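# Breakdown of the fold
Now for the letters of each chain:
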Amino acid sequence: MPTRVVTRTPDRRVPSQRGLQTRQKLMDATIQLLATQPYRDIKVMDIAQAVGTSPATFYQYFPDIEGVVLEASGLLAKETKAALKDFKDGSWSSDGLPGAARMVDAVLDGWSAHLPVVRVLTAVAAEGEPRFVKAYAAATRPIARALTAATQTTTPDDAGKELVHALVSGLTAAAGHENAGSVQGLTKHQRRQGLARLVHAAVASTTA
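Residues numbered from 1 in each chain as written. Predicted model: local features only at pLDDT ≥ 70, side-chain atom pairs only at ≥ 80, totals over all residues. Heavy atoms only, no water.

This next bit is on the overall build of the protein chain. A tally of helices and strands in the protein chain yields nine helices and zero strands. Written out in order from the N terminus, the α and β elements of the protein chain read α-α-α-α-α-α-α-α-α. Counting across all 208 residues of the protein chain, residues that qualify as buried make up 42%. Taking as baseline every contact in the protein chain between residues at least 6 positions apart, the subset at least 24 positions apart corresponds to 67%. Summing over all exposed atoms, the protein chain offers an accessible surface of approximately 10900 Å²; the carbon and sulfur share of this is 54%. (Helix = DSSP H or I, 4+ residues; strand = E, 2+ residues; numbered from the N terminus. Buried < 20%, exposed > 50% of the residue type's maximum accessible area, 1.4 Å probe, protein only. Contact = heavy atoms within 4.5 Å. Areas by Shrake-Rupley, 256 points an atom, 1.4 Å probe, with all protein chains shown as cover.)

Before going further, it helps to examine the UniProt feature "DNA-binding region" (unreviewed entry) in the protein chain. UniProt tags residues 43–62 as "DNA-binding region" (unreviewed entry). Helix makes up 75% of residues 43–62 and strand makes up 0%, while its end C-alpha atoms are separated by 13 Å. (UniProt positions renumbered as here; feature names shortened; annotations may be inferred.)

Time to look at the confidence of the model for the protein chain. Here the protein chain averages 88 in pLDDT, and 88% of its residues register 70 or above. The weakest mean pLDDT in the protein chain belongs to helix α8 (residues 157–175) at 88; the strongest belongs to helix α2 (residues 44–51) at 96. Across residues 1–6, where pLDDT falls below 50, the model places 18 contacts with residues more than four positions away in sequence or in other chains. (pLDDT = per-residue confidence, 0-100.)

Moving on to the nonpolar core. Across soluble globular proteins, nonpolar side chains have a tendency to be buried as a group. Of all hydrophobic cores here, the largest spans 54 residues; its most connected members are Trp92, Ile143 and Leu147. Examining the composition of this core, we find that eight residues originate from one element, helix α5 (residues 96–112), more than from any other. Those residues within four positions of Leu147 in sequence are excluded, and the remaining contacts are Trp92, Met103, Val164, Leu167, Val168 and Val199. (Core = buried A, V, L, I, M, F, W, Y, C linked by side-chain atoms within 4.5 Å.)

Let's shift gears to the packing of aromatic side chains. Applying the stated criterion to the full structure yields two aromatic pairs. Ring geometry for Phe58 versus Phe62: centroids 5.6 Å apart, planes at 40 degrees, classification tilted. Given the relative accessible area of 1%, Phe62 is considered buried. Grouped by ring-pair contacts, the aromatic residues Phe58, Tyr59 and Phe62 constitute a single cluster. (Phe/Tyr/Trp six-rings, centres within 6.5 Å; stacked < 30°, edge-to-face > 60°.)

Overall, the coordinates contain nine salt bridges when judged by the stated rule. For Glu127, the salt bridge is made with Arg40, and the minimal N-O distance between the two is 2.8 Å. Pair noted here: Glu127 is in the loop between α6 (115–126) and α7 (130–151) and Arg40 is in the loop between α1 (17–34) and α2, with a separation of 87 residues, a long-range link. For Glu127, a relative accessible area of 52% corresponds to the exposed category. Overall, Arg40 belongs to the exposed group, its relative accessible area being 53%. In this structure, Asp86 engages Lys85 in a salt bridge whose closest nitrogen and oxygen atoms are separated by 3.6 Å. Residues joined by salt bridges that share partners form a network here, namely Asp105, Asp109, Glu178 and Arg192. (Salt bridge = Lys/Arg side-chain N within 4 Å of Asp/Glu carboxyl O.)

Below, the discussion takes up the packing of α6 against α7. Where α6 meets α7, the axes come as close as 8 Å, and the angle between the chain directions of the two elements is 125 degrees. The pairing of α6 with α7 is recorded here as oblique in orientation. Crossing geometry of α6 relative to α7 is assigned as left-handed. Where α6 abuts α7, its residues Val120, Leu121, Thr122, Val124 and Ala125 lie against Phe132, Val133, Ala135, Tyr136 and Ala139. (Axes fitted to C-alpha atoms, helices over the stretch in contact; angles between N-to-C directions. Parallel < 35°, antiparallel > 145°, perpendicular 65-115°, else oblique. Left-handed = near helix turned anticlockwise from the far one by under 90°.)

Compared with the 24 Å implied by 1.5 Å per residue over 17 residues, the 24 Å span of α5 between its first and last C-alpha is a close match. Among all positions of α5, only Gly96, Gly99, Ala100, Ala101, Met103, Val104, Ala106, Val107, Leu108 and Trp111 are buried. (Expected span 1.5 Å × (residues − 1).)

So, in structure tokens, the structure goes:
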């Protein structure tokens, strides 16, 4: 899926229209490579060749490959916030399991459209790289808010944070397997149903 983000170059210039097109091609080529190759095996030369340009041109628009991933994760954060705008007040939890299923679908539908970026973002954030930790927090914040809104009224602060963190971790980990036809014999629908039951049970336990 093409990633549309308009921003400045590493030296803070605003690219021309032609420059923005080149920049977009570089982003799309990077993400396409991430979908088929291990992140650390990809070189700037590979990206430049895919676009028919030079590494020097790449560096006019991005500081490094990580910069492409981080910018793409910014779009993921914006789309996640938009997708969960109707869930942020926690009212979805009053619908029980169907409400939890809608919430899970809203998260995974959006994240599955950005799987190459999601996989790199979650993996490098787990290693503690500060830029990726910050980007992961931004991308998952709307999910955490929707879950917090459904649990905060009766759950003690620390317990509530622990619960929300566990659920967010489970959802984002599951996103990495969205394109798999079967995982441990379960279809994508079955895996989502399992997550919905987990979310529903967790939220219900705070209101019991």
